[in-house]
Amino acid sequence: MQLAIREAAIAAGAGEVPVGAVVVRNAELIGQGYNQPVAKSDPTAHAEIVALRAAALREKNYRLNGVHLYVTLEPCAMCIGAMLHARVERLVFGAYDSKAGAAGSVLDLANNRLLNHQMEVNGGLMQEECAAILEKFFESRR
């Protein structure tokens, strides 16, 4: 999660909502990313998607069986959808998102038995640190 927090700090420095993500397989970093929708004029450039794209390019396969994705904020529905499509094994997130979280807060898409894949979800890792990054960013915007 420390690496994801570093990615979130890069996003904050770039004026993006500070969310960072990393993809790991067998304790090896295979993808990382931070929020970039403003810089890239791309509504899909969330940290999770950027990290998944990097991992898929490295692995030369969009199927990322056996990977764990760490992200500083509970993912939205779009990001959970991408993780399910990539066959992410485990999602670990920091801060909960009571407005758009799709890993249990608003929706629970990660474990919907109607879908063809489910993943293990662990929320709240370093929750205070992850939430503080977001709070500081939005306080500076007010």
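The model shown is predicted, which means the values in this text are computed figures rather than measured ones. (Residues numbered from 1 in each chain as written. Predicted model: local features only at pLDDT ≥ 70, side-chain atom pairs only at ≥ 80, totals over all residues. Heavy atoms only, no water.)

1. Here's the deal with the packing of helix H3 (residues 47-59) against helix H4 (residues 77-86)
This is how the line gets drawn: Here an axis means a line fitted to C-alpha atoms, over the contact stretch when the element is a helix, while the angle between two N-to-C directions is reported on a 0 to 180 degree scale. Numbering of helices and strands runs from the N terminus; a helix is a DSSP stretch of H or I covering at least four residues, while a strand is a stretch of E covering at least two. Under this scheme an angle from 65 to 115 degrees is roughly perpendicular, one under 35 degrees roughly parallel, and one over 145 degrees roughly antiparallel; angles in between are oblique. Definitions for this section: a left-handed crossing has its near helix turned counterclockwise from the far helix by less than a right angle. A right-handed crossing has that turn clockwise. Working rule for contacts: check all heavy atoms of both residues, and any pair within 4.5 Å makes them a contact.
At their nearest, the axes of H3 and H4 sit 9 Å apart, and the two run at 20° to each other. The angle between the axes of H3 and H4 places the two elements in the roughly parallel class. Like other packed secondary-structure pairs, H3 and H4 cross with a definite hand, here left-handed. Taking contact as the criterion, the partners of Glu48, Ile49 and Leu52 in H3 are, on H4, Met78, Cys79, Ala82, Met83 and Ala86.

2. Focus: the environment of Asn112
Convention followed: Relative accessibility thresholds used throughout: buried, under 20% of the residue-type maximum; exposed, over 50%; partly exposed, between the two (1.4 Å probe, protein chains only).
Positionally, Asn112 belongs in the loop between strand E4 (90-95) and strand E5 (120-123). Of the residues examined, Asn112 reaches a relative accessible area of 24% and is grouped as partly exposed. Sequence-wise, Asn112 and Tyr96 are 16 residues apart; in three dimensions their C-alpha atoms are separated by 19 Å.

3. Here's the deal with the sheet that holds strand E3 (residues 68-73)
Note the cut-off: Here the rule is simple: two strands pair whenever DSSP picks up at least two bridges between them.
Ordered in space as E2-E1-E3-E4-E5, the 5 strands form an open sheet in which the pairing is mixed. This sheet does not close on itself; its edge strands, each paired only once, are strand E2 (28-34) and E5. For this sheet, the mean angle separating the axes of adjacent strands, direction not counted, is 15°. In this structure, E4 lies alongside E5, joined through 4 bridges in parallel fashion. When the sheet's bridge partners are listed, Val92 is paired in E5 with Asn122. Against the sheet, helix H1 (residues 2-13) makes contact with strand E1 (20-25), E2 and E3, and its axis sits at roughly 150° relative to E1, the strand it touches most. Across the sheet, helix H5 (residues 127-141) touches E3 and E4, and the angle it forms with E4 is around 60°.

4. As for the nonpolar core
Test applied: Here the nonpolar core consists of buried residues drawn from Ala, Val, Leu, Ile, Met, Phe, Trp, Tyr and Cys, with membership extended through side-chain atoms lying within 4.5 Å.
In terms of nonpolar packing, the biggest core is built from 38 residues, with Leu69, Ile80, Met83 and Leu91 touching the most fellow members. For this core, the secondary-structure elements that each account for two or more residues are H1, E1, H3, E3, H4, E4 and H5. Those residues in contact with Ile80 that sit more than four places away from it in its chain are Pro75, Leu91, Ala102, Ala103, Leu109, Ala110 and Met119.

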